[in-house]
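# Coordinate analysis (summary)
What follows is the residue order along each chain.
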Amino acid sequence: MDLKLDEDRGLKILAWLTTRRKTKAIGMVRLHVTKVVDTVVELNNTVISASRERRIEAEKCISRLFSNEDEADALRRKISEELTKGESPAKEREDLMRLTMEIDNIADCAKDSARSIVIVMRQSVPKEIWRGFQKISESTVACVLALRDGIDMLGKDLDETTKCVLEVERLEHQVDDERYSVQLLFLEFADRLNAPTLLLLDDALRSMEGVTDCCEGTGDIIRMLIIHEATSKMGK
């Protein structure tokens, strides 16, 4: 038996398995971010229902949001298991795991924001404030959609991925400005809002901003993956 031949064959099989598992893991990450997008969309639906004072409708939205967040959580665990099976470089697996965790944090922030919104609906909130919330929630949906597109192009078109990451950053800064505008409304209508209501509204607002912060954090990890991929191609 030619030991050198067996060794070469073994390395080729190992390389094939590594690539196959990496491709499967990235495919699962794409499915994961799609479920997270669904979660953020339901946050936006919750805000719309709250602005129209439709509590039952808002509770249905948050129920779907929780279901989507649970599914996203299950996918995160599956991705983690898949990455432990691979023989890819440790740094590569670590980056993919960080990517998955940060994507999952987006859904967590959306859930926290929706919870506060449903509670605060029991109080009278000026329509101007709800309009401000709706503007931000629409921006968070746009931000997570841009992130999804970037992840979808990862490994396919690095230039398009980079464009999507830049769009995520732009929308994150936009939400920062929109949040400031809503906080000014808190002051304007302070005489019509009691302290607990203001605290809940601020919690909802901070968590909503957290959605885009986590999108930006995910974008930073994508940048690292782009650098690794480009470096890998240069080394071939």
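Above: the structure in question.
In this text, all values refer to a predicted model and were calculated from it rather than measured experimentally. (Residues numbered from 1 in each chain as written. Predicted model: local features only at pLDDT ≥ 70, side-chain atom pairs only at ≥ 80, totals over all residues. Heavy atoms only, no water.)

A cluster of nonpolar residues, Tyr180, Leu184 and Leu187, forms a patch on the protein surface that exposes about 350 Å² of accessible area. The residue tyrosine 180 is located in helix α5 (residues 158-188) in this model. (Patch = residues over 30% accessible without salt bridge, like charges linked within 9 Å, V, L, I, M, F, W, Y side chains within 5 Å. Areas by Shrake-Rupley, 256 points an atom, 1.4 Å probe, with all protein chains shown as cover. Salt bridge = Lys/Arg side-chain N within 4 Å of Asp/Glu carboxyl O. Helix = DSSP H or I, 4+ residues; strand = E, 2+ residues; numbered from the N terminus.)

For the rest of this paragraph, the subject is the pattern of salt bridges. As enumerated under the stated definition, the model contains 18 salt bridges in all. Between aspartate 112 and arginine 115 there is a salt bridge, with its nearest N and O atoms 4.0 Å apart. Within this pair, aspartate 112 and its partner arginine 115 are both found in helix α3 (residues 90-120), separated by three residues, close to a single helical turn. Among the salt bridges present, the one from arginine 170 reaches glutamate 167, with a minimum N-O distance of 2.8 Å. Here the residue arginine 170 and the residue glutamate 167 both occupy positions in helix α5, the gap between them amounting to three residues, near one helical turn. The exposure class assigned to arginine 170 is partly exposed, which follows from its relative accessible area of 43%. Through salt bridges with shared partners, a single ionic network connects Asp73, Arg76, Arg77 and Asp104. (Buried < 20%, exposed > 50% of the residue type's maximum accessible area, 1.4 Å probe, protein only.)

This part is about the packing of helix α4 (residues 127-153) against α5. Think of two packed helices as two axes; the pair is described by the angle between the axes and how far apart they sit. Relative orientation of the contacting elements α4 and α5 amounts to 165°, with a least axis distance of 8 Å. By the angle class used here, α4 and α5 are roughly antiparallel. Here α4 runs over α5; the crossing is left-handed. Class assignment for the residues of the contact of α4 with α5 results in 15 nonpolar, five polar and eight charged. (Axes fitted to C-alpha atoms, helices over the stretch in contact; angles between N-to-C directions. Parallel < 35°, antiparallel > 145°, perpendicular 65-115°, else oblique. Left-handed = near helix turned anticlockwise from the far one by under 90°. Nonpolar A, V, L, I, M, F, W, Y, C, P; charged D, E, K, R; others polar.)

Here we take up α5. An ideal rise of 1.5 Å per residue puts 45 Å on 31 residues; α5 measures up with 46 Å between its terminal C-alpha atoms. Here α5 starts with a cap whose side-chain oxygen sits 3.1 Å from the backbone nitrogen of aspartate 159, and that cap is aspartate 157. (Expected span 1.5 Å × (residues − 1). Polar contact = N/O pair within 3.5 Å; in protein donor to acceptor, adjacent residues only side chain to side chain.)

Glancing now at the state of the cysteines. Per the stated rule, a full pass over the model turns up zero disulfides. Here cysteine 215 stays free of any disulfide, with the sulfur of cysteine 143 as its closest cysteine sulfur at 4.0 Å. (Disulfide = S-S within 2.5 Å.)

Looking now at the environment of valine 175. Following the sequence through the fold, valine 175 ends up in helix α5. Separated by 35 residues in the primary sequence, valine 175 and glycine 210 place their C-alpha atoms 9.9 Å from one another.

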